[in-house]
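Letter by letter, the chains look like this.
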Amino acid sequence: MPSYQAPVADALFLLNDVLHWDRYNNLPGFADASPDVVEAVLQEAAKISQEILQPINLSGDREGCVRHDDGSVTTPKGFKEAFKAYAEGGWIGLATNPDFGGQGLPYTLATLVNEFSASANMAFTMYPGLTQSAIAAIDKHASAELKNAYLPKMIAGTWSGTMNLTEPHCGTDLGLLKTKAVPNPDGSYAITGQKIFISAGEQDMTENIVHLVLARIEGAPAGTRGISLFIVPKFIPDASGNPGERNGVSCGSIEHKMGIHANSTCVMNHDGAKGWLVGEANRGLNAMFVMMNEARLGVANQGLSQSEVAYQNAVAYAKERLQGRSLTGPKSPDKPADSIMVHPDVRRMLLEIRAFNEAARALILWASLHADVSQKSPDEKQRQASEDILGLLTPVLKGVFTDRGFDNAVKAQQVFGGHGYIGEWGMEQFVRDARIAMIYEGANGIQALDLVGRKLPKDGGRALTAFLNEVGGYLKQEESDPAMQPYLAGLKSGVGHLQQATMWLMQNAMAKPDNAGAGSYDYMHLFGLVAMGYMWCKIAKAAQAKKAADAGQAAAMDAKLIAGKFYMERLMPETAAHLARLSTGADTMMALPADAF
């Protein structure tokens with residue numbers, strides 16, 4: 001049976017020593033999140049993740065969700081009770097608007113809580129996670145009437161939320177959607193159409209489900225300019241605000257999936273269902289992007305979460321599994337064989353995973369702090385600067401974290417050998433669950449195109465310039481510290497490759513757009529390696545200071561310093577390969593006729 005321990009100590013080190021959480025206490029919500037409060041929150045999040053969510057992960061995967069003839073869905077055993085505990089604990093509303101019952105704590109803190117819960121049970125965490133994203137979109141764009149009607153119950157976890165975008169004939173290209181909205185005399189709209197791949201579309205855990213649905217109002221312009229966003233509840237609230245009349249939205253079937261079996265991924269049929277416009281007509285994508293961007297960060301977190309839990313189980317197995325002898329002589333002569341931890345290739349796999357996990361956690365927390373600053377800072381320039389960095393990082397986090405997360409789950413499975421392929425050990429579930437994160441909320445190739453085609457040139461490259469200036473300033477600031485040289489050298493090399501790749505795209509992509517498309521995926525991963533390398537330098541600096549200040553932390557900090565050095569020696573050099581591939585352009589890639597494939 002797999003196990004999981006939330007990395008609370010590492011999270012606190014990152015917040016307090018690396019990212020200097022105390023420097024943000026002038027922002028709303030941060031003053032209430034003192035170090036003692038943060039530690040208490042994370043310890044409680046660890047407890048519910050380890051004691052309630054993790055024990056039903058494997059069983060939930062095996063049992064799956066069941067759709068009944070009336071369209072209702074039953075979730076696996078224990079999920080309903082777990083959701084109740086999660087909601088009553090206030091976890092859904094941790095970082096939401098206090099005006100509607102939320103706790104108003106920093107989004108950064110919610111990022112860690114969501115990582116813990118997704119590591120423990122990714123399929124379960126999608127239910128409250130989607131609700132949190134729907135809350136964000138409604139809070140930012142809906143009318144006061146709609147906010148008052150829906151947000152308090154969603155924040156309390158009495159009602160849940162979903163996003164209904166994809167249709168059988170269109171996924172990424174939402175301009176092709178056919179779901180239509182016809183105005184009703186009472187100001188609502190009749191929504192008709194079919195949506196597919198709707199995570200948490202139907203379930204038995206909440207008394208109502210609030211669907212956010214993209215549809216086209218009759219007579220609206222074609223393409224994305226004519227898309228509007230609607231709230232379509234499963235039950236229409238009555239005069240008292242409680243679930244009333246059953247709406248014309250139902251689950252037609254549950255998708256048969258590779259993984260996340262315990263999440264009800266539904267085909268949703270809207271048959272003249274009543275919906276209420278969110279925000280402006282024909283501006284639905286603008287409103288939905290609030291939810292999609294939150295969801296993309298959540299999916300990036302899923303990549304990290306599966307990498308972390310797979311790593312923990314692989315390490316435990318490697319320490320216990322006896323197989324062969326060390327190449328330098330027996331390390332356990334009293335036993336019939338050494339543990340596989342003595343073998344360099346096993347250590348390679350484990351260190352590749354660990355080196356990613358620690359840097360990825362730091363990077364997503366750094367991005368989350370920028371999300372908090374962009375929403376809460378009283379300084380307009382600070383808000384804009386953080387919004388720029390967050391926009392630049394979002395496709396990188398989603399694409400790189402989920403690619404690496406899946407690869408790392410496979411590596412961890414490999415550590416188990418044949419046992420990793422057997423269901424009872426849980427490793428094959430981590431692989432299957434991690435795979436979807438590379439696909440939904442915008443497939444990773446689309447994330448790369450978004451980065452290169454939209455985020456880099458936006459505002460004259462302002463965000464990228466700010467990022468490179470920050471990293472460059474850090475390199476200059478630390479260049480005189482001899483203890484930092486093993487880390488700075490790798491980062492400096494990676495930054496040089498990123499600058500060369502950026503220049504190549506500037507010189508070759510505008511005249512020939514296929515060059516941008518051909519190089520975008522390598523550019524995204526190059527960027528991710530550099531961004532995580534920057535985090536490793538900050539981690540190493542903090543680890544050296546903590547080790548010097550507290551001898552009791554020496555072993556833990558030495559482990560970080562070794563993992564960071566491994567990253568610079570073994571992972572950062574991949575930037576050169578990404579640059580080399582990117583620089584070949586699109587000619588060969590596009591030369592083969594379609595019928596020759």
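Look a little higher up for the structure.
Residues numbered from 1 in each chain as written. Predicted model: local features only at pLDDT ≥ 70, side-chain atom pairs only at ≥ 80, totals over all residues. Heavy atoms only, no water.

(A) Region of the structure containing the overall build of the protein. A tally of regular secondary structure across the protein gives 18 helices and eleven strands. Relative to the globule expectation of 25 Å for 597 residues, the C-alpha radius of gyration of the protein, 24 Å, shows essentially globular dimensions. For the protein, the C-alpha atoms occupy an extent of roughly 80 × 60 × 60 Å along the three principal directions. Sorting the 597 residues of the protein into buried and exposed places 57% on the buried side. Of all intrachain contacts in the protein linking residues separated by at least 6 positions in sequence, the fraction that spans at least 24 positions is 74%. By element, 54% of the accessible surface of the protein is carried by carbon and sulfur atoms, the whole surface being about 24400 Å². One finds the centroid of the 53 positive side-chain charges in the protein at a distance of 4 Å from the centroid of its 63 negative side-chain charges. (Helix = DSSP H or I, 4+ residues; strand = E, 2+ residues; numbered from the N terminus. Rg over C-alpha atoms; globule rule 2.2 N^0.38 Å. Buried < 20%, exposed > 50% of the residue type's maximum accessible area, 1.4 Å probe, protein only. Contact = heavy atoms within 4.5 Å. Areas by Shrake-Rupley, 256 points an atom, 1.4 Å probe, with all protein chains shown as cover. Lys, Arg positive; Asp, Glu negative; His and termini not counted. Charge placed at Lys NZ, Arg CZ, Asp CG, Glu CD.)

(B) Main features of the pairing of strand β11 (residues 265–278). Relative to β11, strand β5 (residues 189–199) is paired through nine bridges, and the arrangement is antiparallel. Within β11, the residue paired with Y189 across the bridge is G275. In terms of strand pairing, strand β7 (residues 228–233) meets β11 through three bridges, oriented antiparallel. Residue pairing in the sheet places L229 in a bridge with V278 of β11. (Pairing = 2+ DSSP bridges.)

(C) Region of the structure containing the pattern of salt bridges. In total, this model carries 28 salt bridges according to the counting rule given. Note that K560 is salt-bridged to D10, the shortest N-O span being 2.4 Å. Here K560 is found in helix α16 (residues 554–571), whereas its partner D10 is found in helix α1 (residues 8–18), with 550 residues between them in sequence. K560 sits in the buried class, given a relative accessible area of 8%. Assessed through its relative accessible area of 11%, D10 is described here as buried. Across the pair D459 and K458 runs a salt bridge, and its minimum N-O distance is 3.1 Å. A relative accessible area of 45% places K458 in the partly exposed class. Salt bridges linked by common partners bring D10, E115, E308, R354, E358, R361 and K560 together as one network. (Salt bridge = Lys/Arg side-chain N within 4 Å of Asp/Glu carboxyl O.)

(D) The state of the cysteines, seen in detail. Tallying each qualifying case throughout the model produces zero disulfides. You can see C65 has no disulfide; the closest cysteine sulfur is in C266, sitting 7.7 Å from it. For C65, a relative accessible area of 15% puts it in the buried group. Looking at the unpaired C251, the closest cysteine sulfur is the one in C266, lying at 3.6 Å. Overall, the relative accessible area of 2% leaves C251 in the buried class. (Disulfide = S-S within 2.5 Å.)

(E) Focus on the side chain of T108. If you trace the backbone, T108 turns up in helix α5 (residues 107–120). Overall, the relative accessible area of 0% leaves T108 in the buried class. Sequence-distant contacts of T108, that is, excluding residues within four places in its chain, are made with L15, W21, L365, S368, L369 and D372.

(F) Quick peek at the environment of I439. Examined against the element boundaries, I439 turns out to sit in the loop between α11 (427–436) and α12 (444–455). For the pair I439 and K398, spaced 41 residues apart in the sequence, the C-alpha separation amounts to 10.0 Å.

(G) Structural detail: the nonpolar core. In this structure, L42, L212, F401, F467, L491, Y523 and F527 are the most contacted members of the largest nonpolar core, which totals 195 residues. The dominant element in this core, judged by the number of residues it contributes, is helix α8 (residues 284–320), at 18 residues. Setting aside residues up to four positions removed in sequence, Y523 forms contacts with L451, V452, L456, L464, L498, A501, T502, L505 and L582. (Core = buried A, V, L, I, M, F, W, Y, C linked by side-chain atoms within 4.5 Å.)

(H) Examining the packing of aromatic side chains more closely. Per the counting criterion, the structure on display carries 15 aromatic pairs. Aromatic pair F356 and F401: ring centres 5.5 Å apart, planes at 80°, arrangement edge-to-face. Residue F356 is located in helix α9 (residues 344–376), and its partner F401 is located in helix α10 (residues 380–415); the two are separated by 45 residues in the primary sequence. F401 shares its class with F356; the two are buried. An aromatic cluster of three or more residues is present, and its members are F79, F83, Y86 and F124. (Phe/Tyr/Trp six-rings, centres within 6.5 Å; stacked < 30°, edge-to-face > 60°.)

(I) Quick look at the packing of α9 against α16. The contact between α9 and α16 brings their axes to 9 Å, and the two run at 105°. Considering the angle they form, α9 stands roughly perpendicular to α16. Together, R348, L351, E352, R354, A355 and E358 of α9 and A559, K560, A563, F566, Y567, R570 and L571 of α16 make up the contact between the two elements. Here the contact of α9 with α16 is composed, by residue class, of seven nonpolar, no polar and six charged. (Axes fitted to C-alpha atoms, helices over the stretch in contact; angles between N-to-C directions. Parallel < 35°, antiparallel > 145°, perpendicular 65-115°, else oblique. Nonpolar A, V, L, I, M, F, W, Y, C, P; charged D, E, K, R; others polar.)

(J) Region of interest: the pairing of strand β3 (residues 159–164). With six of its six residues buried, β3 lies for the most part within the structure. Residues W159, G161 and M163 of β3 are buried on one face, and the alternating residues S160, T162 and N164, pointing to the opposite face, are buried as well.

(K) How the structure looks around α12. Those residues of α12 that sit buried are N444, Q447, A448, D450, L451, V452 and K455. Against the buried residues of α12 lie α8, α10, α14 (485–508) and α15 (513–549).

(L) Quick peek at the side chain of S307. With respect to the helices and strands, S307 occurs in helix α8. Polar side-chain contacts of S307 include one of 3.0 Å to the side chain of N408. Beyond its immediate stretch of four places on either side in the chain, S307 contacts I353, F356, N357, G405 and N408. (Polar contact = N/O pair within 3.5 Å; in protein donor to acceptor, adjacent residues only side chain to side chain.)

(M) Quick peek at the environment of E320. Position of E320 among the secondary structure elements: in helix α8. Under the relative-accessibility criterion, E320 is labelled exposed at 63%. Residues E320 and M341, 21 residues apart in the sequence, show an inter-C-alpha distance of 8.5 Å.

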